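# Structural characterization, general
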Amino acid sequence: MNIHLQDIYIAERLHVSKLDIAAGTLTHVIGKNGAGKSTLLHVIAGLISSESLHAEMTISDIPPAHIAAHRCCLTQHNDSVFGLTVAELFRFYTPFSIAPESIDQVLQVNQYQTRLLRELSGGQQQRVHIARCMMQIWEAIEQGRGVLLFDEPFDALDLAYQIKWLDCLHDLQQLGNIIVIAHHQLAWLNECRDDDVLIMQDGQVQAHGKIATIWQSECLTQYFHIPEQRIPLYLQSSS
Amino acid sequence: MPVSSIQSAPVFIAIAVIVGLLGLNVGLHSQLLTDVVEQHIFINLSLPMLITAVLVGSALAMSSAALQVVLNNPLADPGIIGISSGASLCAGIVIIGGVLPASELIWGLPLACFAGALLSSGLIYLLAKRLALTHSAVILAGIAISTVCAAALAWLYIFGDAQATRNLTFWLMGSFQHASYPILAIAGGILILGIGALCLQRNALNSLYLGDINAQLLGIEPQRLTRVVLVICALLVGVSVSIAGSIAFVGLLVPHILRRIFGSDNRLIIPLSGLVGAALMLVIVTVNQLLNGVDLPISLLTASIGGPIFVWVLFKGQAR
């Protein structure tokens, strides 16, 4: 299983001539606001119709009819004007009405079952939505045949949950799942040197590879236009 | 999806209430078994009225329940998206304009209303399509079309004679008095088909709560689903308005209260809305029967009974 993008062109938003993401990888997609991170995720998630793409996005081995059981995507806005309980949300969007043990251990969402989603705090809601996305394809994830896409998932999560959840994702990555996270928590790049990084700028992929070989604090100047003397201490590489 | 998680008790209770109300209405004709005149009245006047009430009540409540989800607006009802406005305008033209002789009204009025409902739905759809078919576009287009229709109707009122305007007012507030078998044979058929078609969508509707993108991620085509539901609702509401006039408030009231009590699962809410809408209309027919001779417009009763209940539920319920 791998993701293959070829000649993706969306006017003024995204231009990717070739991109391959292999099984068993965790990729951090980073870049400035409007660099095309979300659009890239939406293309991989199949949310942009293939006619407007002029090109192809394929996930090998998985027939298109079964794709919804293998691919999940956490988008940035997930509000409902209706008063849904957490249990209802799970029932409507996943095959479960409560989170499986191994998800609940990490995200602790089953305690909110009877609560209304909109009465939870921002971070609690985010945990519920992350759990919902993973539950949607949980069977595939356990077989190591899942594609997990997250758009700014760390927002509103406290550090303890960020650590627990990333540990969990690294375990799932070992099973062979493909995990792609677009985010702005650049400090994680210094922590997860074995993960992949994909740097985007103006809708194009500028660099893609192992964090250990690509990522250094000069990238902040080059791709984020941060003056060298203004790079915060916690993002300066130790070398 | 675990089917067992759906509560079935409320469905059975609603069915029991409907059967009870039907029985009560039969009981009101005490000499039904012996008196030939009484039998004639029951079969040719009361029975079509009861059938119309059941079908129209469930069609209105069910289509509102579906529209609320599809338009992502808990306050949507057929009135708000303007489907009934075209029907009302056509009724005005027929009744006040005197287009048809009085003897033809029994056929002409429903047909004209149906044409009006389809026309206004079509216009709303075209207008909304130009606005890229977003949820708010459908509602905006509906408000625009109903405003135009309401204005035209108001002009008709100014030029109409006293009796005709009174007739129109009465019709606009809804009535089951025009129920008859020939009309039911056609309208009833369409309503039953529409109700069935809407029931088939109840599972897919659950995937729309978090917006189109999340539905698409589940492999559902949200735009297609929205279009299908809008067309079915236009048909259901158009036919309902044609045979029973414009009935206010049921559409908003029933699904809204049911969601507060039973949650948001459309697999329960869609069919249950239909049953409760039917029961509510039967209550109104029964009240009208008991009032012997004073025939009150339906909207007067739905608003008088439903309004206070709605206020009470809003006060009492947790913010759902």
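Residues numbered from 1 in each chain as written. Chains lettered and ligands numbered in written order. Predicted model: local features only at pLDDT ≥ 70, side-chain atom pairs only at ≥ 80, totals over all residues.

### With respect to the overall build of chain A
Within chain A, the regular secondary structure consists of 10 helices and 9 strands. Expected size for 239 residues packed as a compact globule is a radius of gyration near 18 Å; at 18 Å, chain A falls within 12% of this value. Overall, chain A is about 50 × 45 × 35 Å in size when its C-alpha atoms are taken along their principal axes. Expressed as a percentage of its 239 residues, the buried residues of chain A come to 41%. (Helix = DSSP H or I, 4+ residues; strand = E, 2+ residues; numbered from the N terminus. Rg over C-alpha atoms; globule rule 2.2 N^0.38 Å. Buried ≥ 20, exposed ≤ 12 C-beta atoms within 10 Å, placed from the backbone.)

### Some remarks on the overall build of chain B
Within chain B, the secondary structure is distributed over 13 helices and 0 strands. If you list the helices and strands of chain B from N to C, you get α-α-α-α-α-α-α-α-α-α-α-α-α. By the compact-globule yardstick of 20 Å for 320 residues, chain B fits well, its C-alpha radius of gyration being 20 Å. For chain B, the spread of C-alpha atoms along the principal axes amounts to about 60 × 45 × 35 Å. Of all 320 residues assigned to chain B, the portion counted as buried reaches 46%. Expressed as a percentage of contacts within chain B between residues at least 6 apart in sequence, the contacts between residues at least 24 apart total 80%. (Contact = placed C-beta atoms within 7 Å.)

### Comments concerning the domain arrangement of chain A
All names here are of chain A. Looking at chain A, the domain boundaries give domain 1 (1-24 + 32-61) and domain 2 (63-178). At the interface, 11 residues of domain 1 touch 11 residues of domain 2. In terms of residue count, helix H1 (residues 37-44) provides more of the side of domain 1 that touches domain 2 than any other element does, 3 residues in total. Considering only residue class, the side of domain 1 that touches domain 2 consists of 8 nonpolar, 3 polar and no charged. (Domains from an automatic or database assignment. Nonpolar A, V, L, I, M, F, W, Y, C, P; charged D, E, K, R; others polar.)

### Looking at the interface of chain A and chain B
When the parts of a complex come together, some accessible area is lost, and that lost area is often taken as the interface size. With 19 residues of chain A in contact, the opposing surface of chain B contributes 21 residues. Contributing elements (two or more residues each) for the side of chain A that touches chain B: strand E5 (71-74) and helix H3 (86-93) of chain A. The element that contributes the greatest number of residues to the side of chain A that touches chain B is H3(A), accounting for 4 residues. Taken together, the residues of the side of chain A that touches chain B sort by class into 11 nonpolar, 6 polar and 2 charged.

### Description of the sheet that holds strand E8 (residues 196-201) of chain A
Residues and elements named next belong to chain A. Overall, mixed pairing links the 6 strands, which are arranged E5-E6-E7-E3-E8-E9 in an open sheet. Of all the strands in the sheet, just E5 and strand E9 (204-210) have a single pairing partner and so form its edges. The average angle at which neighbouring strand axes cross in this sheet is 15 degrees, direction not considered. Direction of pairing for E8 relative to E9: antiparallel, over a ladder of 6 bridges. (Pairing = 2+ DSSP bridges. Axes fitted to C-alpha atoms, helices over the stretch in contact; angles between N-to-C directions.)

### Regarding helix H1 (residues 9-28) of chain B
Here H1(B) contains 20 residues, and its C-alpha end-to-end distance of 29 Å stays within 8% of the 28 Å for a straight helix at 1.5 Å per residue. Of the surrounding elements, those touching the buried residues of H1(B) are helix H2 (36-70) and helix H12 (266-290) of chain B. (Expected span 1.5 Å × (residues − 1).)

### Comments concerning H3(A)
Where burial is concerned, most of H3(A) is hidden: 7 out of the 8 residues are buried. For H3(A), the full list of buried residues reads A:Val86, A:Glu88, A:Leu89, A:Phe90, A:Arg91, A:Phe92 and A:Tyr93. Looking at the buried side of H3(A), the elements it contacts are helix H5 (122-136) of chain A together with helix H9 (212-217) of chain B.

### Side note on unusual backbone geometry
Residues and elements named next belong to chain A. Phi angles above zero are rare outside glycine, and Glu12 is one such case at about 60 degrees. Inspection of the secondary structure assignment puts Glu12 in the loop between strand E1 (3-10) and strand E2 (14-21). Exposure remark for Glu12: the 8 C-beta atoms within 10 Å place this residue in the exposed category. Although it is not a glycine, Glu152 sits at a positive phi angle of roughly 50 degrees. With respect to the secondary-structure elements, Glu152 resides in the loop between strand E6 (147-151) and helix H7 (159-174). The exposure class assigned to Glu152 is partly exposed, which follows from the 18 C-beta atoms found within 10 Å.

### Some remarks on the nonpolar core
Counting 159 residues, the largest nonpolar core has A:Met134, A:Leu149, B:Ala66, B:Ala91 and B:Leu282 as its most contacted members. In terms of residues, this core owes the most to one element, H2(B), which gives 15 residues. Looking at which domains feed residues into this core, each of domain 1 (1-24 + 32-61) and domain 2 (63-178) of chain A supplies at least three. With sequence-adjacent residues up to four places away left out, A:Leu149 is seen in contact with A:Leu41, A:Ile44, A:Ala45, A:Cys72, A:Cys73 and A:Val180. (Core = buried A, V, L, I, M, F, W, Y, C linked by C-beta atoms within 7 Å.)

### A few points about the packing of H2(B) against helix H7 (residues 181-200) of chain B
Geometrically, a packed helix pair is captured by the angle between its two axes and the distance between the axes. All names here are of chain B. At their nearest, the axes of H2 and H7 sit 10 Å apart, and the two run at 30 degrees to each other. By the criterion of interaxial angle, the relationship of H2 to H7 is roughly parallel. Between H2 and H7 lies a crossing whose hand is left-handed. Every residue of H7 that contacts H2 at Pro48, Ile51, Thr52, Leu55, Ser58, Ala59, Met62, Ser63 and Ala66 is listed here: Tyr181, Leu184, Gly188, Leu191, Gly194, Ile195 and Leu198. The residue makeup of the contact of H2 with H7, split by class, is 11 nonpolar, 5 polar and no charged. (Parallel < 35°, antiparallel > 145°, perpendicular 65-115°, else oblique. Left-handed = near helix turned anticlockwise from the far one by under 90°.)

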